[in-house]
Amino acid sequence: MIEKLEFRAAKTLAVASSLFLVALLSPSFVAAKDMGPTAEDVEKYRRPMEIPQPKNNRMTPERIELGKVLFFDPRLSGSNFISCATCHNPALGWSDGQPTAVGHGMEVLGRSTPTILNTAYQRFQFWDGRARTLEKQALGPIEAEGEMFQALDDLIDELKAIPGYEDMFEHAYPGEGVSKKTIAKAISSFERSVVATESPFDRWLKGVKGAMNDSAIRGFQVFKGKANCVACHDGFNFSDNGFHNIGLPDNKDQGRFSIKPIKVLKGAFKTPTLRDVALTAPYMHNGQFNTLMEVVEHYNRGGDKNMGNLDPNMKKLGLSKKEKKDLVEFLHALIGDPQEVTVPTLPVKK
Amino acid sequence: MKTATIYNILLVITTTVLALGAEAAEITVLQQDKSFVKDGEQIEVLTVKAGDTINFQNDDPFFHNVFCLSDLETFDLGSYPKGESKPVKFDKPGVVEVECAIHPQMYMEVTVE
Ligand SMILES: [Cu+2]
């Protein structure tokens, strides 16, 4: 009798432990449990409450509003046809949906239009990081022959002739007048106000059950683990503010190397944010990938040969079909809640 | 006479060794959390003596670079992974800027005395 009992107990134990083993080995085990974020995840990926802003250009509602009007005003271009928002279109994730930008005279430019979302948090602007601040960046596209092709001195005269603008500048920057400086400062203030909204991932970080689906949760584990995307896309903005050559086919664009001639920078470009990235196809500085799955396939191959200078963090990943789908699902969970953007009415001449 | 010479040579050798030991320090600077760290503290300036060597040791789970393009010194240590360390000897007095090309936020001024 006792023997029999013991036998039964052992049998149950064996069955139970083999079930446990099966559960452990099955890849959906972690996700099915939705164990939620670790303390480290929360620390690392939680969105900051504050927007960094320079001491000499604090954000005020007047400055943001003026900057927004300028951002949407095509009269900032030589043709009076192109505004910043033509390329950085809020309906397209503050980008343009083109492989590479189309500028003055419909000229196709060499690089794609990045989003302006979360540029406040970036230490460098442009794909090659050639501008350190938004203030330093803002006037570039107005003057650039390929982009808006507008002489700044003429622009200042044009704006001064519009009474509404004179008033707005006076309210935003009392006593400073309409100048290159105030134009750049106002536009930058507006851009800093364009920050990512709460995404399913952020809600999941806060512990909201079901905020991210199981596939996206698994995708996050792949992102941090097997695929090691975090070697570069790290922190709440999913960028290390660094420059890497990720092995895109040589398109003669040396990227950061033309700013700093250090060998590791040949063909290196700035790590972009991944927030709202699902809204801004096509991808990469040259717009070569149409979908996030194409991007993931690229990383899975370990990149393509390029100038012999592939970033050593790039390796063949050996991801399964499911892991790739999970990664893409995770990137979709980084889409923030829809943000209503009102288009300003532009001031006119009397 | 003979022993005196040997003694003298020995003296010269030991003093040189001692002098070298005292003068030329080996300093370890970690590359940690995308910043330069010495003795557990993040640093942006460091003063060394001419002849000192700084070992730049990567402590992050991804690659770092160290380069310097000053008038005084130019070097580029390439990129290297966690655990690896590369030495640079600073011989000429002056101030040089040391940076990681991959993460330009990693920036440090070395004053060589
Ligand atoms: Cu670095």
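Residues numbered from 1 in each chain as written. Chains lettered and ligands numbered in written order. Predicted model: local features only at pLDDT ≥ 70, side-chain atom pairs only at ≥ 80, totals over all residues. Heavy atoms only, no water.

### Quick look at the pairing of strand β5 (residues 52-58) of chain B
Residue and element names in this part refer to chain B. Put simply, the test is: With a 1.4 Å probe rolled over the protein chains alone, any residue whose accessible area is under 20% of its type maximum counts as buried; one over 50% counts as exposed, and the rest are partly exposed. Only runs of H or I of at least four residues qualify as helices and only runs of E of at least two qualify as strands under DSSP, and these elements are numbered from the N terminus. For two strands to count as paired, DSSP must find a minimum of two bridges between them.
The element β5 is largely enclosed, with a buried count of 6 among its 7 residues. The sheet contact formed by strand β1 (residues 26-32) and β5 spans 6 bridges and is parallel. Bridge pairing in β5 places Leu30 opposite Gln57. Taken together, the 6 bridges between β5 and strand β8 (residues 85-90) define a ladder with antiparallel strand orientation. In the sheet register, Asp52 faces β8, and the bridge partner there is Phe90.

### Some points on the nonpolar core
Residue and element names in this part refer to chain A. Note the following rule: Residues belong to a common nonpolar core when they are buried Ala, Val, Leu, Ile, Met, Phe, Trp, Tyr or Cys residues joined through side-chain atoms within 4.5 Å. Residue contacts are counted whenever heavy atoms from the two residues lie within 4.5 Å of one another.
Ranked by size, the top nonpolar core spans 35 residues in total, and within it Phe201, Met212, Phe223 and Phe330 carry the most contacts. For this core, the secondary structure elements donating two or more residues are α11 (200-205), α12 (214-224), α13 (292-300) and α14 (321-332). For this core, the element with the most residues is α12, which contributes 5 residues. If we skip the residues at most four places from it in the chain, Phe201 touches Tyr45, Met212, Phe220, Phe238, Arg275, Phe330, Ala333 and Leu334. Core analysis: the next-biggest nonpolar cluster, separate from the first, contains 33 residues, Ala138, Leu139, Leu159 and Phe190 among them.

### Looking at the pattern of salt bridges
Residues and elements named next belong to chain A. For clarity, the cut-off: Within this document, salt bridges are pairs made up of a side-chain nitrogen of Lys or Arg and a carboxyl oxygen of Asp or Glu, the two lying within 4 Å of each other.
One pass over the structure, following the stated rule, counts 20 salt bridges over all chains. Arg75 serves as the salt-bridge partner of Asp73, at 3.0 Å between the closest nitrogen and oxygen. For Asp73, a relative accessible area of 0% translates into the label buried. In the salt-bridge network here, residues are joined through shared partners; they are Arg111, Asp128, Arg130 and Asp253.

### A few points about the packing of α13 of chain A against α14 of chain A
Residue and element names in this part refer to chain A. Stated formally: Interaxial angle, 0 to 180 degrees, is taken between N-to-C directions of lines fitted to C-alpha atoms, where a helix line uses only the stretch in contact. Note that the term roughly parallel is reserved for angles under 35 degrees, roughly antiparallel for angles over 145, roughly perpendicular for angles of 65 to 115, and oblique for everything else. The handedness criterion is simple: a crossing whose near helix is rotated anticlockwise from the far helix by less than a right angle is left-handed, and one whose near helix is rotated clockwise is right-handed. Note on residue classes: Ala, Val, Leu, Ile, Met, Phe, Trp, Tyr, Cys and Pro are nonpolar, Asp, Glu, Lys and Arg are charged, and everything else, Gly too, is polar.
Viewed as axis vectors pointing N to C, α13 and α14 meet at an angle of 130 degrees, and their least axial separation amounts to 10 Å. By the angle class used here, α13 and α14 are oblique. Crossing of α13 against α14: the hand is right-handed. Each of Leu292, Met293, Val296, Glu297 and Asn300 in α13 lies in contact with α14, whose residues at this interface are Lys324, Lys325, Leu327, Val328, Leu331 and His332. Residues belonging to the contact of α13 with α14 are distributed by class as follows: 6 nonpolar, 2 polar and 3 charged.

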